[in-house]
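# Inside the fold
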Amino acid sequence: RFEVMTLPIQEFVAMGKSLELLLELGTAGAAHIRSLVDRAVNWASDHPRVQLVTPAEPARRAGIIAVIPPDPPAASQRLRDAGIVHSLRERAIRFAPHIYNTTDDIDAALAVLDVVCDEH
């Protein structure tokens, strides 16, 4: 007699469309994310002033990159000012690229971190 809830039909439709897109992309989506993470890992591995938190071995990585630059709070503020989405956790700058990100997005974030590393 009483309706205790309404199903969120619009969310179900959006979820279904998202799943269709992921199925359409197949492994190409995962390969793209892996290439973005590889790009950032290679940068961090080659940078003497950055500590790589993410495992260096590809088999142990997820689609996330975490690095500790010389001054994490300053780096986080610079990234925020540049409009680059990230998080700061336990002194590590964390990026989680996805299928909609590009190499230009990763390169922009790494360029900001380069500037912070040069200043400190």
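The rules we used
Residues numbered from 1 in each chain as written. Predicted model: local features only at pLDDT ≥ 70, side-chain atom pairs only at ≥ 80, totals over all residues. Heavy atoms only, no water. 1 Å grid on protein atoms, 1.4 Å probe; cavity = no way out; pocket = protein on both sides within 12 Å on 5 of 7 lines; lining within 4 Å. Points joined across faces, edges and corners; volume = space filled by probe spheres on them. Helix = DSSP H or I, 4+ residues; strand = E, 2+ residues; numbered from the N terminus. Axes fitted to C-alpha atoms, helices over the stretch in contact; angles between N-to-C directions. Parallel < 35°, antiparallel > 145°, perpendicular 65-115°, else oblique. Left-handed = near helix turned anticlockwise from the far one by under 90°. Contact = heavy atoms within 4.5 Å. Nonpolar A, V, L, I, M, F, W, Y, C, P; charged D, E, K, R; others polar. Pairing = 2+ DSSP bridges. Core = buried A, V, L, I, M, F, W, Y, C linked by side-chain atoms within 4.5 Å. Buried < 20%, exposed > 50% of the residue type's maximum accessible area, 1.4 Å probe, protein only. Arc of directions from axis to C-beta.

On to the layout of surface pockets. Sizing a probe to match a water molecule and rolling it over the atoms shows the empty space that remains. Counted as a void, the largest pocket has a volume near 250 Å³. In this structure, the largest pocket is lined by Gly83, Ile84, Val85, Phe95, Ala96, Pro97, Tyr100, Asn101, Asp105, Ile106 and Ala109. Broken down by element, the lining of the largest pocket gets its largest block of residues, three residues, from helix H4 (residues 103-119).

This brings us to the packing of helix H3 (residues 72-81) against H4. At their nearest, the axes of H3 and H4 sit 9 Å apart, and the two run at 140° to each other. By the angle class used here, H3 and H4 are oblique. Judged by the twist between their axes, the crossing of H3 over H4 is right-handed. Within the contact between the two elements, H3 uses Ala74, Ala75, Arg78 and Leu79 and H4 uses Ala109, Val112, Leu113, Val115, Val116 and Glu119. Looking at side-chain class alone, the contact of H3 with H4 contains eight nonpolar, no polar and two charged residues.

On to the pairing of strand S4 (residues 92-95). Bridge count between strand S2 (residues 65-68) and S4: three bridges; the pairing is antiparallel. Its bridge partner lying in S4, Val67 is registered against Ile93. Pairing of strand S3 (residues 87-89) with S4, which is carried by three bridges, proceeds in the antiparallel orientation. Each residue of the ladder has a partner; that of Leu88, found in S4, is Ile93. Taking the residues that link successive antiparallel strands as the turn, the S3-S4 hairpin has two residues, and the phi of Glu90 there is positive, at about 50°.

Okay, the nonpolar core next. Soluble, globular proteins show a tendency: their nonpolar side chains are buried together. Val67, Leu79, Phe95 and Leu113 are the most contacted members of the largest nonpolar core, which totals 22 residues. Those residues in contact with Leu79 that lie beyond four places of it in its chain are Ile84, His86, Ile93, Phe95, Ala109, Val112 and Leu113.

Right, let's talk about H3 for a bit. Taken as a whole, H3 has its buried residues at Pro72, Ala75, Ser76 and Leu79. End-on view of H3: buried residues confined to an arc of 100°, all on one side of the axis. Where H3 ends, the next residue or the one after it, Gly83, has phi of about 80°, a positive value.

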